[in-house]
Amino acid sequence: MAVPDKIRQEVNKLREQIEHHNRLYHSLDAPEIPDADFDALVNRLERLEKKYNLVDVKSPSQRIGGEALSEFSQVTHEIAMLSLDKVFDEADLQAFDARLKKRLNKDSPIRYCCEPKVDGIAVSLLYRDGILERAATRGDGVTGEDISHNVRTITNVPLKLKSIKKKSLIEVRGEIFLGKQGFKSLNERAELEGSKVFVNPRNTAAGTIRQLDPKKAARIPLQMYCYNVGLIEGIELPNTLSGIFTLIEKWGLPVNPDRSVQTGIEACLEYCLRLLSKRNSLAYEIDGAVLKVNELKLQQKLGNNARSPRWAMAYKFPAEEKSTTVIDVEFQVGRTGTITPVARLEPVFVGGVTVSNTTLHNMDEIDRLGLRIGDKVVVRRAGDVIPKVVKVIQPTNAKEAKNRRVIKLPDVCPACGSVIEKDGKVLYRCSAGIICPAQRKESIKHFASRSAMDIEGLGDKLVDVLVDEEIISNVADIFTLTAEQLAALDRMGEKSANNIIAAINKSKQTTLPRFLFALGIREVGEATALQLVNHFGDLDKIKAAGTESLERVSDIGPKVAEHISVFFNNKENLALIRSLQQRGISWPKVEIDSQARSLEGQTYVLTGALELMARNEAKEKLLALGAKVAGSVSKNTSCVVAGPGAGSKLTKAEELGVNIINEGEFIALLDDLTN
Ligand code: IVH
């Protein structure tokens with residue numbers, strides 16, 4: 001078929017773009033665009049090449065991404081390290097299974113080894129007579145880079161294999177990655193130190209593994225999961241991939257515990273759905289599931305394509321990073337007057353939801369990102385967290401560059417026109433206090449919200465109307481509202497009005513932690529409210545506490561103690577609490593279980609990666625035992641729990657002679673205290 005010039009040009013352009021992004025991703029560890037955008041380019045190229053018969057061995061559609069960088073010595077993989085084909089929906093996964101059955105001339109269900117597709121970097125480990133001799137990246141599949149110096153710093157990669165008695169050569173392949181907790185701690189540290197924050201765990205891991213200096217790599221708590229063998233000499237292999245996993249595990253190498261063998265494609269689909277539903281709670285990031293034919297004989301029969309084996313398929317999950325455009329930036333006034341820039345985005349489906357706006361936090365964040373209105377950006381939404389603009393994609397042509405507009409902080413509060421004041425290093429605040437309608441509205445919305453007083457039906461829009469029409473002006477006014485007042489509002493039926501009044505009345509029976517949180521004291525979130533109640537037991541004691549005794553509560557530092565003290569020393573706040581109580585708000589008396597609080601008065605610091613327990617869980621357990629969990633080490637620290645990758649906090653603890661325990665000792669301590 002004659003190929004139109006336009007198509008040829010597009011194919012050439014796509015090939016160039018893909019080569020460019022391949023180099024950025026695989027060789028320089030600095031991708032410009034999200035994976036989903038890259039996949040779209042490759043898909044388009046593959047479709048055009050197929051349709052117009054333009055398939056060419058030199059095309060990037062036929063090759064695996066990276067190329068070895070000259071700084072590292074090069075390694076030739078005796079058996080090529082292939083990539084995976086991918087599908088994005090159930091129907092294509094079923095088609096894959098049908099294709100295999102046809103090729104194998106098989107009617108009975110195929111058994112697949114199903115594994116999480118860990119978002120990291122593929123590597124090969126070579127053990128001679130059980131001793132780690134060399135570790136290499138995949139590179140272009142044939143030639144990779146020698147990264148042994150960095151892999152030797154990874155704590156879960158053994159330098160010597162167990163149970164190897166004979167002369168042997170064992171190549172094991174797998175994925176090196178940075179766990180979510182490790183990534184979070186790194187970024188917390190970067191923010192504290194004012195250094196550049198990392199965009200995502202995958203890029204951080206890729207950058208680390210290609211460090212020239214292993215000391216730097218050792219500071220990042222990388223991990224590895226092995227998923228197959230490559231070159232093998234002197235060892236007899238089992239008949240199945242699951243058997244290979246057992247062998248790898250016997251050698252003392254880490255394997256992913258979330259894998260499982262399933263019979264038939266329907267069972268595999270169920271596995272994928274289960275994996276997707278627990279994606280957020282996994283300790284590491286995944287971008288899909290991988291299905292691999294379990295029987296090695298069948299794998300051999302199926303063979304490979306140019307880039308990937310025919311016996312395996314990746315089922316990609318919704319991307320957690322996508323690109324979109326910042327249409328505008330607006331400034332919102334929060335309940336305590338903070339002025340927050342919010343980006344209005346071209347709606348984008350990312351991390352399983354459609355995102356059309358997201359907070360930019362503060363002006364410093366805008367500077368750090370180098371963001372302007374009109375920019376194309378990468379938005380990331382991993383887990384349940386708030387979507388975040390992580391990166392600006394630099395304009396590629398003059399037109400895009402011309403359409404960018406600088407983001408300016410307004411001179412006055414956008415809600416009430418009062419002066420804006422700087423508060424601390426990065427925050428700006430409307431100076432008007434409760435007179436500012438935006439602050440008034442936000443404090444009422446917060447009070448009525450689900451985790452506070454939980455008043456069903458009193459949503460954001462209704463609060464806006466009630467304040468705009470001057471029906472209520474503070475939280476105590478909520479309890480004087482009548483069904484008639486509500487029913488008189490636009491688009492409000494009698495039934496809805498009655499339901500809201502019933503919800504208001506129901507909310508009067510609350511709990512003290514909820515009530516405290518609902519008051520909207522600065523920096524007092526749900527957890528702190530609960531700590532206050534667990535510590536003091538009743539509201540009068542909290543009201544009367546000075547900053548010194550407040551600071552004895554877990555999680556409360558001098559700044560939060562000051563906010564609490566200022567709040568309860570303000571006559572208007574006390575009057576508001578009185579009128580809320582007069583209007584019927586009450587809570588049951590709190591019993592404090594002093595036996596369970598065996599770490600009362602002690603301060604713990606968690607540092608480095610925790611591998612057996614999520615950091616939050618560790619923190620909650622400590623808090624429940626009455627300990628305080630602090631972010632930095634001082635002479636007041638009672639104990640430091642240090643995991644792999646612990647850095648400056650561990651050094652400081654050693655200098656100060658603070659008690660240091662590892663994760664195993666920590667778990668044993670918790671067991672002792674709770675049993
Ligand atoms: S198997 C021949 N299994 O995904 C098959 N790959 O897109 C080679 N990956 O290069 C890979 N988890 O970096 C396999 N459980 C898993 C994986 C996995 C992550 C990565 C690996 C590979 C890429 C292909």
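Keep in mind it's a predicted model, so treat the numbers as computed, not measured. (Residues numbered from 1 in each chain as written. Predicted model: local features only at pLDDT ≥ 70, side-chain atom pairs only at ≥ 80, totals over all residues. Heavy atoms only, no water.)

1. Brief notes about the overall build of the protein chain
Turning to step 1, where the next piece is worked out: When helices and strands are counted, the protein chain shows 25 helices and 22 strands.
Turning to step 2, where the next piece is worked out: The C-alpha radius of gyration of the protein chain comes to 29 Å, within 12% of the 26 Å expected for a compact globule of 675 residues.
Turning to step 3, where the next piece is worked out: If one aligns the C-alpha atoms of the protein chain with their principal axes, the spans along those axes are about 80 × 65 × 50 Å.
Turning to step 4, where the next piece is worked out: Within the protein chain, the fraction of its 675 residues that count as buried is 49%.
Turning to step 5, where the next piece is worked out: Relative to all contacts within the protein chain whose residues are 6 or more apart in sequence, the contacts with residues 24 or more apart total 67%.
Turning to step 6, where the next piece is worked out: Accessible surface computed for the protein chain: about 33800 Å², of which carbon and sulfur atoms make up 49%.
Turning to step 7, where the next piece is worked out: Here the protein chain holds 94 positive side-chain charges and 90 negative ones, and the gap between their average locations is 3 Å. (Helix = DSSP H or I, 4+ residues; strand = E, 2+ residues; numbered from the N terminus. Rg over C-alpha atoms; globule rule 2.2 N^0.38 Å. Buried < 20%, exposed > 50% of the residue type's maximum accessible area, 1.4 Å probe, protein only. Contact = heavy atoms within 4.5 Å. Areas by Shrake-Rupley, 256 points an atom, 1.4 Å probe, with all protein chains shown as cover. Lys, Arg positive; Asp, Glu negative; His and termini not counted. Charge placed at Lys NZ, Arg CZ, Asp CG, Glu CD.)

2. Quick word on a negative patch on the surface
Turning to step 1, where the next piece is worked out: There is a patch of like negative charges on the surface, built from Asp89, Glu90, Asp92, Glu266 and Glu270.
Turning to step 2, where the next piece is worked out: Taken together, the elements giving at least two residues each to the negative patch come down to α3 (90-104) and α9 (265-277).
Turning to step 3, where the next piece is worked out: In this structure, glutamate 270 sits in helix α9. (Patch = residues over 30% accessible without salt bridge, like charges linked within 9 Å, V, L, I, M, F, W, Y side chains within 5 Å. Salt bridge = Lys/Arg side-chain N within 4 Å of Asp/Glu carboxyl O.)

3. Regarding the pairing of strand β13 (residues 339-350)
Turning to step 1, where the next piece is worked out: Where strand β12 (residues 321-333) and β13 come together, seven bridges link them in antiparallel fashion. The residue bridging phenylalanine 331 from the neighbouring strand is proline 341, located in β13.
Turning to step 2, where the next piece is worked out: In textbook terms, the turn of a hairpin is the stretch between consecutive antiparallel strands, and for β12 and β13 this stretch comprises five residues, one of which, glycine 337, has a positive phi near 90 degrees.
Turning to step 3, where the next piece is worked out: If you look at the hairpin formed by β13 and strand β14 (residues 353-359), you'll find two residues sitting between the two strands, and glycine 351 has a positive phi there, around 60 degrees. (Pairing = 2+ DSSP bridges.)

4. Overview of the site of the ligand
Turning to step 1, where the next piece is worked out: Lining the immediate environment of the ligand, one finds 14 residues, of which Glu115, Lys117, Arg138, Glu175 and Lys292 sit closest.
Turning to step 2, where the next piece is worked out: One nitrogen or oxygen atom from the main chain of proline 116 is found 3.3 Å from a nitrogen atom belonging to the ligand.
Turning to step 3, where the next piece is worked out: The fraction of the free accessible surface of the ligand (520 Å²) that becomes covered by protein chains is 87%.
Turning to step 4, where the next piece is worked out: Within the residue set of the shell around the ligand, elements represented by two or more residues are β3 (111-118) and β10 (286-293).
Turning to step 5, where the next piece is worked out: Tallying contributions element by element places β3 first for the shell around the ligand, with four residues.
Turning to step 6, where the next piece is worked out: Of the residues belonging to the shell around the ligand, the class tally is eight nonpolar, one polar and five charged. (Near = heavy atom within 4 Å. Polar contact = N/O pair within 3.5 Å; in protein donor to acceptor, adjacent residues only side chain to side chain. Nonpolar A, V, L, I, M, F, W, Y, C, P; charged D, E, K, R; others polar.)

5. Observations concerning helix α22 (residues 571-582)
Turning to step 1, where the next piece is worked out: Here α22 spans 16 Å end to end across 12 residues, near enough to the 16 Å set by a 1.5 Å rise per residue.
Turning to step 2, where the next piece is worked out: When we look at burial in α22, the residues that qualify are Asn573, Ile577, Ser579 and Leu580. End-on view of α22: buried residues confined to an arc of 165 degrees, all on one side of the axis. Away from the buried face of α22 by more than 90 degrees, exposed residues Lys571 and Gln582 are located.
Turning to step 3, where the next piece is worked out: Where α22 is buried, its residues touch α13 (437-448), α17 (512-518), α19 (539-544) and α21 (558-568).
Turning to step 4, where the next piece is worked out: For α22, the side-chain oxygen to backbone nitrogen distance between the N-cap and glutamate 572 is 2.8 Å, and the N-cap itself is asparagine 570.
Turning to step 5, where the next piece is worked out: Two residues or fewer after α22 comes glycine 584, characterised by a positive phi angle close to 105 degrees. (Expected span 1.5 Å × (residues − 1). Arc of directions from axis to C-beta.)

6. Thoughts on the sheet that holds strand β9 (residues 260-263)
Turning to step 1, where the next piece is worked out: Spatial strand order, β2-β11-β10-β3-β9: five strands in an open sheet with mixed pairing. Unpaired on one side and paired on the other, β2 (86-87) and β9 mark the two borders of the sheet.
Turning to step 2, where the next piece is worked out: As defined by bridge partners, β10 adjoins strand β11 (residues 312-316) across five bridges and the pair is classed as antiparallel. From the neighbouring strand, glycine 288 faces β11, where its bridge partner is lysine 316.
Turning to step 3, where the next piece is worked out: Strands β2, β3, β10 and β11 of the sheet are contacted by α3, whose axis makes an angle of about 175 degrees with β11.
Turning to step 4, where the next piece is worked out: Against the sheet, helix α8 (residues 241-250) makes contact with β3, β9 and β10, and its axis sits at roughly 55 degrees relative to β3, the strand it touches most. (Axes fitted to C-alpha atoms, helices over the stretch in contact; angles between N-to-C directions.)

7. Considering the pattern of salt bridges
Turning to step 1, where the next piece is worked out: Applying the stated rule across the entire model yields 32 salt bridges.
Turning to step 2, where the next piece is worked out: Between glutamate 133 and arginine 128 there is a salt bridge; the shortest N-O distance is 2.7 Å.
Turning to step 3, where the next piece is worked out: One connected set of salt bridges, linked through shared partners, spans Asp39, Lys86, Lys117, Asp287 and Lys316.

8. Description of the nonpolar core
Turning to step 1, where the next piece is worked out: Counting residues in each nonpolar core, the largest one holds 52 residues, and the members touching the most others are Ile478, Leu516 and Leu532.
Turning to step 2, where the next piece is worked out: Listed in part, the 38 residues of the second largest apolar core include Phe72, Leu161, Leu178 and Val229. (Core = buried A, V, L, I, M, F, W, Y, C linked by side-chain atoms within 4.5 Å.)

9. Quick notes on helix α14 (residues 460-468)
Turning to step 1, where the next piece is worked out: Within α14 the residues assigned to the buried category are Leu462, Val463, Leu466 and Val467. In an axial view of α14, the angular spread of the buried residues amounts to 130 degrees, which keeps them on one side of the axis. Exposed and facing more than 90 degrees away from the buried side of α14 are Lys461 and Asp468.
Turning to step 2, where the next piece is worked out: Count one or two residues on from α14 and you reach glutamate 470, which has phi positive near 55 degrees.

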